[in-house]
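Structural features, examined
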Amino acid sequence: MDNKNRAITMRFLAQPTDANFGGKVHGGSVMKWIDEAGYACAVNWSEKYCVTVFMGDLKFKAPISIGDLVEVNAKIIHTGKTSIHIGIEVQTSDPRKNKFSKTTDCIIVFVAVDENGKSIGVPKWEPKEKEDKCLEDYAIKSMNIRKEMEGQLQSCLL
Ligand SMILES: CC(C)(COP(=O)(O)OP(=O)(O)OC[C@H]1O[C@@H](n2cnc3c(N)ncnc32)[C@H](O)[C@@H]1OP(=O)(O)O)[C@@H](O)C(=O)NCCC(=O)NCCS
């Protein structure tokens with residue numbers, strides 16, 4: 001499979017209903033946009049229904065103002081047997097200025113499932129460019145670190 005379904009971009013305005021108590025965009029709204037963009041990207045690639053299994057490495061670098069133009073870029077950075085790992089970058093701009101800057105990034109992982117909710121295989125994405133190989137390496141390393149840390153947490157809870 002080529003890279004044609006590898007990435008998607010969503011663009012919209014931050015709405016007054018997205019505001020938190022400080023008058024800026026609520027972190028939960030940003031997480032919802034990330035989940036939606038990641039979902040669209042995962043389903044578009046796999047042509048199957050997908051569910052979120054992980055969202056992490058989430059950094060809020062700058063606040064988003066109500067009325068800002070928001071761009072959510074989602075692109076596949078790794079595929080496993082049933083999982084699709086997606087890098088998300090959120091950029092925003094005052095629509096009068098059209099000057100975008102990064103406000104948030106993160107990794108989100110989806111798993112394709114069948115009609116019984118059981119995980120099923122996904123098409124392989126192969127990185128070709130140097131940057132993509134580096135991103136895939138990052139996705140694999142960060143997954144392995146998480147698995148190790150999860151094991152440690154479980155042993156603390158026993
Ligand atoms: C998705 C689900 C069916 C997977 O069940 P499962 O097949 O028994 O799970 P596994 O442990 O075998 O993991 C499946 C894949 O997810 C990956 N995965 C699971 N947790 C992960 C994590 N924290 N980070 C990265 N990858 C993860 C596994 O590595 C595996 O990938 P691979 O098949 O590409 O090697 C099950 O976890 C589920 O239903 N989760 C709830 C999903 C949900 O409700 N999401 C919120 C609403 S959409």
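This report concerns the structure included in the present document. (Residues numbered from 1 in each chain as written. Predicted model: local features only at pLDDT ≥ 70, side-chain atom pairs only at ≥ 80, totals over all residues.)

**A few points about the overall build of the protein**
Counting its secondary structure elements, the protein contains two helices and five strands. Starting at the N terminus and walking to the C terminus, you meet the elements of the protein as β-α-β-β-β-β-α. Relative to a compact globule of 158 residues, whose C-alpha radius of gyration would be 15 Å, the protein shows 17 Å and is just as compact. The principal-axis extents of the C-alpha atoms in the protein amount to approximately 45 × 45 × 35 Å. For the protein, the share of sequence-separated contacts (at least 6 apart) that also reach a separation of at least 24 residues comes to 71%. (Helix = DSSP H or I, 4+ residues; strand = E, 2+ residues; numbered from the N terminus. Rg over C-alpha atoms; globule rule 2.2 N^0.38 Å. Contact = placed C-beta atoms within 7 Å.)

**Quick look at the site of the ligand**
By nearness alone, 15 residues border the ligand, and F54, G80, T82, S83 and S119 come closest of all. The set of elements that each furnish at least two residues to the shell around the ligand consists of β2 (50-60), β5 (101-112) and α2 (130-157). Tallying contributions element by element places β2 first for the shell around the ligand, with four residues. (Near = placed C-beta within 6 Å.)

**Some remarks on the environment of K75**
By the element assignment, K75 lies in strand β3 (residues 69-79). Separated by eleven residues in sequence, K75 and I86 place their C-alpha atoms 5.4 Å apart. Dropping the residues within four chain positions of it, K75 is found in contact with R6, A7, C41, I86 and G87.

**A few points about the environment of S83**
With respect to the element layout, S83 can be found in strand β4 (residues 83-93). Sequence separation between S83 and S46 is 37 residues, and the spatial gap between their C-alpha atoms is 9.7 Å.

**Things to note about unusual backbone geometry**
Leave glycine aside and you will find that most residues have negative phi; peptide bonds, for their part, are mostly trans. Here the phi dihedral of E47 falls at roughly 55 degrees; this positive angle occurs in a residue that is not glycine. Tracing the backbone through its elements, the reader meets E47 in the loop between α1 (27-46) and β2. In this model, D57 sits at a positive phi of 50 degrees, which is unusual for a non-glycine residue. Turning to its location among the elements, D57 is positioned in strand β2. Accessibility expressed as a C-beta count within 10 Å gives 15 for D57, which makes it partly exposed. (Buried ≥ 20, exposed ≤ 12 C-beta atoms within 10 Å, placed from the backbone.)

**Topic: the environment of I120**
With respect to the secondary-structure elements, I120 resides in the loop between β5 and α2. Placed 70 residues apart in sequence, I120 and C50 show a C-alpha to C-alpha distance of 9.5 Å.

The quantities given are spatial measurements derived from coordinates; they are silent on function.
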